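Here's the letter readout for the chains.
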Amino acid sequence: MRLLLLGGTEFVGRAVTEDALDRGWDVTVFHRGRHEAPQGVVSLHGDRTADDGLKALAGGEWDAVVDTWSGAPSAVRDAARLLNGRCERYAYVSSRSVYRFPAPAGAGEDAPVVDGSPGDGEGVDYAAAKRGGELAAAEVFGDRALLVRAGLILGPYENIGRLPWWLTRISRGGQVLAPGPRDAGVQYIDARDLAIWTLDAVEHGLGGPYDLVSPPGRTTMSELLEACIRTTGSGADLVWTPPQRILEAGIEPWTDLPIWLPPGEAYDMMHRASVAKAVSTGLRCRPVRETVTDTWKWLQSIGGQAPQRPDRPMVGLAPGKEAEVLHR
């Protein structure tokens, strides 16, 4: 299988690249050259936002393309048009953010989506950009376009900082502000499981939208944080705190306390989605302990400081704010 990765050096793209190499596929990675590509690939350099930035893709044929772009939809459109006729299938890694808020608990791929346009440039919000990217891929490839609507993504190489922040905070020990309810379900997808499913889907000729995240209730906030304690060996003390107390303290869900959302519409949309369609086509999710352990090993191997995407804000609760809430 000949695979072209548009962005295959960081987080999700790297996980897809490594899985494709493990399968023995011929892998070409098109990237800006800011990060070293995995050994064993053919590297092509270019900047999709620049004039003539796709020049390196003017020749060549592939069986499939996986595109991880999260910026202007017009970049997806331009790549898809250029590659049409030279590749069979186009998989676009999109997001469950394309659904209109609030998508109710149990919603699936038929839920209403936001507006978007394949011709949009920079400046549109994340949800509209991802929806525009979907439309761009589908406009060119039709039912040969696979739309991978990922939920929360965790695992090694994470460059957003969510799980790395929890691991780093818990590794310091002491009392840790743990957001309740402790038995609240958490839905996420390990980037490596996303990679496996996506490449299987490409190989089997799947097309159209698929929500990709773990089944609801497969793990909980308590299981996630306790796995962080066991993995780091810190002996931290989780102080489970009611959501209302956290919110009254001015702490922002999702950003100050990554992954966590209090009960309500946002929680239902993010952590109670139906993934029956993906499960029926082979989605398998590894245990939370494995995701946590492997992320910690990777984090330690790079010196303990996770990379940070420049277009995303830093996440995590300031130590002073945490202490203030804990000692009220």
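Scope of this entry: the structure provided in the associated data block.

Thresholds, definitions, all that
Residues numbered from 1 in each chain as written. Predicted model: local features only at pLDDT ≥ 70, side-chain atom pairs only at ≥ 80, totals over all residues. Heavy atoms only, no water. Pairing = 2+ DSSP bridges. Helix = DSSP H or I, 4+ residues; strand = E, 2+ residues; numbered from the N terminus. Axes fitted to C-alpha atoms, helices over the stretch in contact; angles between N-to-C directions. Contact = heavy atoms within 4.5 Å. Salt bridge = Lys/Arg side-chain N within 4 Å of Asp/Glu carboxyl O. Buried < 20%, exposed > 50% of the residue type's maximum accessible area, 1.4 Å probe, protein only. 1 Å grid on protein atoms, 1.4 Å probe; cavity = no way out; pocket = protein on both sides within 12 Å on 5 of 7 lines; lining within 4 Å. Points joined across faces, edges and corners; volume = space filled by probe spheres on them. Parallel < 35°, antiparallel > 145°, perpendicular 65-115°, else oblique. Left-handed = near helix turned anticlockwise from the far one by under 90°. Polar contact = N/O pair within 3.5 Å; in protein donor to acceptor, adjacent residues only side chain to side chain. Right-handed = clockwise from strand over helix to strand, strands pointing away.

Looking now at the sheet that holds strand β4 (residues 62-67). Sheet strands associate in pairs through backbone hydrogen bonding, adopting either a parallel or an antiparallel arrangement. Read across the sheet, seven strands follow the order β3-β2-β1-β4-β5-β6-β11 without closing on themselves; strand pairing throughout is parallel. Bordering the open sheet on either side are β3 (42-45) and β11 (208-212), each of which pairs with just one other strand. Mean inter-strand twist for the sheet, computed between neighbouring axes without regard to direction, equals 20 degrees. In this structure, strand β5 (residues 87-95) lies alongside strand β6 (residues 145-150), joined through six bridges in parallel fashion. Of the residues in β6, the one forming a bridge with serine 95 is alanine 150. Relative to the sheet, helix α1 (residues 11-22) contacts β1 (2-6), β2 (26-31), β4 and β5, its axis offset from that of β1 by approximately 165 degrees.

The next subject is the pattern of salt bridges. Taken as a whole, this structure holds 23 salt bridges when the rule is applied. We note a salt bridge from arginine 192 to aspartate 190, for which the minimum N-O separation is 2.8 Å. The exposure class of aspartate 190 is buried, given its relative accessible area of 1%. A salt bridge links glutamate 324 to lysine 321, with the shortest nitrogen-to-oxygen separation between them at 3.6 Å.

The next thing to look at is the layout of surface pockets. If a probe the size of a water molecule is rolled over the atoms, the empty space left behind becomes visible. Put simply, the second largest pocket is a space of about 280 Å³. Around the second largest pocket sit 16 residues that line it, and Trp165, Thr168, Gln305, Met314 and Val315 are the ones nearest its centre. The element contributing the most residues to the lining of the second largest pocket is helix α4 (residues 162-171), with three residues.

Another point: the packing of helix α2 (residues 73-83) against helix α3 (residues 126-141). The interhelical angle for the contact between α2 and α3, taken along N-to-C directions, is 15 degrees, at an axis separation of 8 Å. The angle between α2 and α3 falls in the class roughly parallel. Note that α2 runs across α3; the crossing there is right-handed. For the pair α2 and α3, contact is made by Pro73, Val76, Arg77, Ala80, Arg81 and Leu83 and by Ala128, Ala129, Gly132, Gly133, Ala136, Ala137, Glu139, Val140 and Phe141, respectively.

Once that is clear, we can look at the side chain of aspartate 67. For aspartate 67, the location among the structural elements is in strand β4. At a separation of 3.0 Å, a polar atom in the side chain of aspartate 67 contacts the main-chain amide nitrogen of tryptophan 69. A polar side-chain atom of aspartate 67 sits 2.6 Å from a polar atom in the side chain of tyrosine 90. When near neighbours in sequence (up to four residues on either side) are disregarded, aspartate 67 contacts Leu6, Arg48, Val76, Tyr90, Ala91, Tyr92 and Val93.

Let's shift gears to the pairing of β1. The element β1 is largely enclosed, with a buried count of four among its five residues. Pairing geometry for β1 and β2, over five bridges, is parallel. Looking at the pairing, leucine 4 lines up with threonine 28 of β2. What joins β1 to β2 is α1, and the crossover it makes is right-handed. Bridging between β1 and β4 involves four bridges; their strand directions are parallel. Paired with leucine 3 across the strands is alanine 64, a residue of β4.

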